[in-house]
Amino acid sequence: MSSRTLPLLFINLGGEMLYILDQRLRAQNIPADKAKKVSTVAAWIEEDRKRVMNDIITTMFNKKFLEELFKPQELYSKKALRTVFDRLAHASIMRLNQASMDKLYDLMTMAFKYQVLLCPRPKDILLVSFNHMDAIKDFVKDTPSILSQVDETYQQLVEMYTPLPSGEFQLIRQTLLIFFQDMHIRVSIFLKDKVQSSNGRFVLPTCGPVPHGTQVPGLIRIFSCNGEELTRLQFNNGGNYTAALREGSFEIFGDRVTKLGTNMYSVSRPVETHMSGTSKNSTQHTKQVNTAPNPLAKEELNLLARLMGGLEVQKPGNADSGFRVNLFATDEEEEEALISRPDELSYGVINIQATKDQQTNAELAKIMGEFSESGDQSPSASSKGDDLLAMMDGL
Amino acid sequence: MYHKEKSIQIKNSASALYNNLCVLRIAPRRLTYFTVVHANVVNMVSASWDGLNYSHRQLQSKEPNVATSTSLIMQAAFCVLTSRDLLVVTSQKGIQMYESDGSIMVYWHALETPETPTEQAVFARGISGVWENYICVGVSSGAMLVFDIPSKGSNITLSEVLHEHSESITDMASECSGSQECIANLVTADDVGNLCVWKSGEEFQLLNKIPGFDMSCSSVKLWKGTVVAGYGTGQIRLYEAVTGILHAEVNAHARWIYSLDIAPFSGLLLSAAEDSLVRVWHLTMTPETNSVEIAHLHNECVTDTQICGAKFCDGDGYAFAVTGYDLSEIIRYVQS
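Analysis parameters
- Positions within a chain are numbered from 1, following the residues in the order the chain's sequence is written.
- Chains carry letters from A onward and ligands carry numbers from 1 onward, assigned in written order.
- For this predicted model, a pLDDT threshold of at least 70 governs which residues receive local features, and a threshold of 80 or more governs which side-chain atom pairs are given and counted, while totals over whole chains, interfaces and linings are taken from all residues.
- Hydrogens are left out, water is left out, and the side-chain values use all remaining heavy atoms of the structure.
- Helix and strand assignments follow DSSP, with helices taken as H or I runs no shorter than four residues and strands as E runs no shorter than two, numbered in order from the N terminus.
- With a 1.4 Å probe rolled over the protein chains alone, any residue whose accessible area is under 20% of its type maximum counts as buried; one over 50% counts as exposed, and the rest are partly exposed.
- Should any heavy atoms of two residues lie within 4.5 Å, those residues are considered in contact.
- For helices, the axis comes from a line fit to the C-alpha atoms of the stretch in contact; other axes are also lines fit to C-alpha atoms, and the angle between any two N-to-C directions lies between 0 and 180 degrees.
- Each crossing is labelled by how the near helix is turned from the far one, with a counterclockwise turn of less than a right angle marking it left-handed and a clockwise turn marking it right-handed.
- Under the convention adopted here, Pro, Cys and the residues Ala, Val, Leu, Ile, Met, Phe, Trp and Tyr are nonpolar, Asp, Glu, Lys and Arg are charged, and Gly plus all remaining residues are polar.
- Under this definition, polar contacts are N or O atom pairs within 3.5 Å; protein pairs additionally need one hydrogen-donor-capable and one acceptor-capable atom, and for neighbouring residues in sequence, both atoms have to be side-chain atoms.
- Here a pair means two rings of Phe, Tyr or Trp (six-membered ring of Trp) with centres within 6.5 Å. Their orientation is stacked below 30 degrees between planes, edge-to-face above 60, and tilted elsewhere.
- Should DSSP find at least two bridges between two strands, the strands are taken to pair.

Account for the overall build of chain B, naming residues and giving values.
A tally of regular secondary structure across chain B gives 0 helices and 29 strands. Residue burial in chain B is summarised as follows: out of 336 residues, 65% are buried. In chain B, 49% of the contacts between residues at least 6 apart in sequence involve partners at least 24 apart.

What follows is the structure in structure tokens.
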């Protein structure tokens with residue numbers, strides 16, 4: 001379907017990832033919180049948080065990477081995209097284990113699915129993206145070099161997307177909705193706000209403002225052959241709609257009007273998912289789609305290889321590496337989540353097929369090497385519970 | 001006016017695509033076929049009228065001879081011609097035509113796809129059987145392909161390619177009243193809302209172009225010479241096909257309309273949108289003044305569902321069926 005979908009998918013998921021990581025890094029920085037689970041959670045200082053955020057944003061907006069991303073192409077498979085975000089989350093000194101990474105990815109994807117589904121017009125996906133971009137700029141406002149990198153991409157987004165007609169945005173939206181189809185993971189922040197119901201479906205209101213450019217339903221106008229209005233009839237629209245709000249700004253600076261895509265997390269509103277609530281039915285469907293042979297797998301992995309090859313990677317094993325962030329309240333919960341996670345929801349290792357292209361092979365090999373991070377870690381870091389202390393000692 | 005009946009379960013959930021539900025009644029066998037597209041699969045259910053038997057079939061969007069290749073499907077639709085019914089499936093790669101029960105693929109037409117993806121996506125969308133022996137299919141380039149269908153067998157030929165649209169075709173429909181008096185018997189719609197009105201024949205003849213207003217026309221129908229068009233603004237417009245005169249404009253839905261359908265015998269109109277609502281309307285023709293009127297009859301809300309397909313199950317509009325994004329069922333409503 002739309003070959004212009006990937007940049008929006010990447011930037012919005014990346015934006016959600018940054019919100020969640022920022023919230024976790026700040027939460028772990030609170031002394032009272034730290035005191036409660038002093039043995040399990042590293043005390044993050046403000047400087048570390050900034051460093052992680054800066055490193056990830058620098059990687060995310062890497063010039064070569066974005067050049068590839070902005071080329072017209074089909075969406076990556078779910079697995080390939082997950083791999084990209086695994087790498088991105090580990091672009092700095094922060095480490096996430098499998099369960100935390102799974103949870104982070106579930107939260108990111110459900111948040112963006114919600115935004116895609118609820119955005120009033122297909123074109124408003126761009127305003128959602130701009131809300132994410134605005135927030136990313138704010139994260140790096142004190143670092144001019146990264147800020148200019150982000151601004152460049154911002155400019156590119158505006159130039160590439162604002163001229164597109166409404167039908168093209170609908171095609172982008174439909175492509176994204178196929179990507180997110182059958183994902184019904186329940187997210188506590190959505191359940192609390194009553195925007196998601198217990199079956200994992202998002203609530204679609206039949207009240208409130210209609211989209212910009214749409215009239216409140218309820219009026220029939222009949223015209224004569226020469227264009228005169230003959231009659232006006234009202235009908236019951238079955239909802240409680242109000243007139244449209246003003247249109248959000250599609251410029252680099254401005255009021256987006258929609259709140260979709262802004263940061264919904266804060267230290268007092270932690271991130272949570274309810275994996276147990278995922279209906280069995282839906283995971284079966286997900287599985288079916290995932291196991292369908294993907295004809296693009298080879299090209300996709302070649303591309304991935306090029307992209308990843310272009311990224312500057314902070315090798316683990318640096319003196320200051322090894323901060324681990326936990327997306328769960330305690331380590332025990334995290335471990336439990338990993339064990340209890342349904343198989344269908346796990347993201348396995350991608351089988352990278354060898355190709356004839358030697359250069360690609362070399363690049364792939366390099367990436368494969370970079371993926372096996374666990375092997376590089378010191379033995380003391382491998383056993384659960386001791387690892388953080390050991391890393392702390394290493395500082 | 002309508003009440004909900006037992007739903008039909010489908011094997012996969014529906015994708016968010018325009019007009020993503022198709023219904024074909026097989027009266028001699030007291031069966032109804034339903035099709036719903038899910039990503040690269042067409043889910044097909046054959047339901048017996050007594051509600052006791054359901055059989056399922058899944059059609060993959062496979063190119064012949066390329067075993068591993070799959071592509072996303074844009075639309076599936078039944079085409080009813082004088083001598084045979086066919087199921088047409090359009091995707092990013094091409095057009096497949098099956099016998100109406102989905103058992104045999106009788107024809108494959110590949111789209112010209114560039115080696116590396118271009119900004120303009122390539123796909124086929126918009127399907128309609130026209131008159132006795134034609135099936136028309138829209139393409140993302142705006143071209144319309146006309147296929148000549150023999151009364152049996154697989155000797156299907158591409159008879160014409162028409163280039164009147166400059167944007168992606170969204171939907172098309174043939175005259176559904178069965179009236180021979182109507183000169184126009186096909187209407188096509190595109191992504192900026194332009195409508196083309198055609199007369200079918202060995203050479204298709206363009207009768208009229210009705211300009212759009214920069215908003216996609218996602219679903220279109222043709223009934224007794226009147227074009228009924230649904231738009232991304234949630235509006236429905238009624239035009240006289242051959243003159244382009246606007247007879248009525250309805251602020252019908254709060255979100256994009258995804259599907260329209262007409263019950264030709266009763267003049268009932270069904271509209272469904274992303275706003276989770278299905279509405280039933282009544283169209284009346286006044287032959288003396290050559291005008292058409294529309295009245296609202298009924299609303300059904302499918303809670304928390306962006307509706308992507310809605311179709312009447314019979315020519316009188318006695319029953320209709322609905323499905324929506326992420327929904328693995330077809331919900332049926334019957335007149336009380």
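Would you mind going over unusual backbone geometry in detail, with residue names and values included?
Of note in this structure, Lys194 of chain A is not a glycine but carries a positive phi near 60 degrees. When its relative accessible area of 66% is taken as the criterion, Lys194 of chain A is described as exposed.

So, the packing of helix 3 (residues 46–60) of chain A against helix 8 (residues 144–161) of chain A: which residues are in play, and what are the values?
Residues and elements named next belong to chain A. Relative to each other, helix 3 and helix 8 sit at 35 degrees, their axes nearing to 10 Å. Judged by the sense of rotation from one axis to the other, the crossing of helix 3 with helix 8 is left-handed. Facing helix 3, whose interface residues are Asn54, Ile57 and Thr58, helix 8 presents Ile146, Gln149 and Val150. Grouping the constituent residues of the contact of helix 3 with helix 8 by class yields 3 nonpolar, 3 polar and no charged.

Run through the environment of Thr90 of chain B, naming residues and quoting values.
All names here are of chain B. In this fold, Thr90 is placed in strand 8 (residues 85–91). For the pair Thr90 and Ala76, spaced 14 residues apart in the sequence, the C-alpha separation amounts to 6.4 Å. Thr90 has contacts with Ile73, Met74, Gln75, Ile95, Ala124, Arg125, Ile127 and Val137, leaving out every residue within four places of it along the chain. Looking at Thr90, its side chain comes within polar contact range of the main-chain oxygen of Ala124, at 2.8 Å.

So what's going on with the packing of aromatic side chains? Residues and values would help.
Aromatic rings in a pair are described by how distant their centres are and how their planes are angled relative to each other. Residue and element names in this part refer to chain A. Counting across every chain of the model gives 20 aromatic pairs over all chains. Centre to centre, the rings of Phe10 and Phe65 are 4.9 Å apart; their planes meet at 50 degrees, and the pair counts as tilted. Of this pair, Phe10 sits in helix 1 (residues 6–27) while Phe65 is found in helix 4 (residues 63–69), placing the two residues 55 residues apart along the sequence. With relative accessibility at 1%, the residue Phe10 sits in the buried group. Ring plane angle 40 degrees and centroid distance 4.9 Å describe the contact between Tyr114 and Phe190, whose orientation is recorded as tilted. Here the residue Tyr114 occupies a position in helix 6 (residues 98–118), and Phe190 occupies one in helix 10 (residues 188–192), the gap between them amounting to 76 residues.

Describe the pairing of strand 29 (residues 329–335) of chain B, and please don't skip the residues or the numbers.
All names here are of chain B. Of all 7 residues in strand 29, 5 are buried; the element is thus mostly enclosed. Note that strand 2 (residues 8–9) and strand 29 share 2 bridges and pair antiparallel. Looking at the pairing, Gln9 lines up with Glu329 of strand 29. Of the strand pairs in this sheet, strand 28 (residues 319–324) and strand 29 are connected by 4 bridges, and their pairing is antiparallel. Looking at strand 29, one finds that Ala319 is bridged to Val334. The antiparallel pairing of strand 28 with strand 29 creates a hairpin that spans 4 residues between the two strands, and Asp326 there sits at a positive phi of about 70 degrees.

How would you sum up the sheet that holds strand 4 (residues 31–38) of chain B? Please name residues and give values.
All names here are of chain B. Within the open sheet, the 4 strands sit side by side as 3-4-5-6. Their pairing is antiparallel. Taken across any chain shown, the strands that pair with only one partner, and hence form the sheet edges, are strand 3 (22–26) and strand 6 (54–60). Ignoring strand direction, the axes of neighbouring strands in this sheet form an average angle of 20 degrees. Strand direction decides the pairing type here: strand 5 (residues 41–48) and strand 6, joined by 7 bridges, are antiparallel. When the sheet's bridge partners are listed, Val41 is paired in strand 6 with Gln60.

By themselves these figures say nothing about function.
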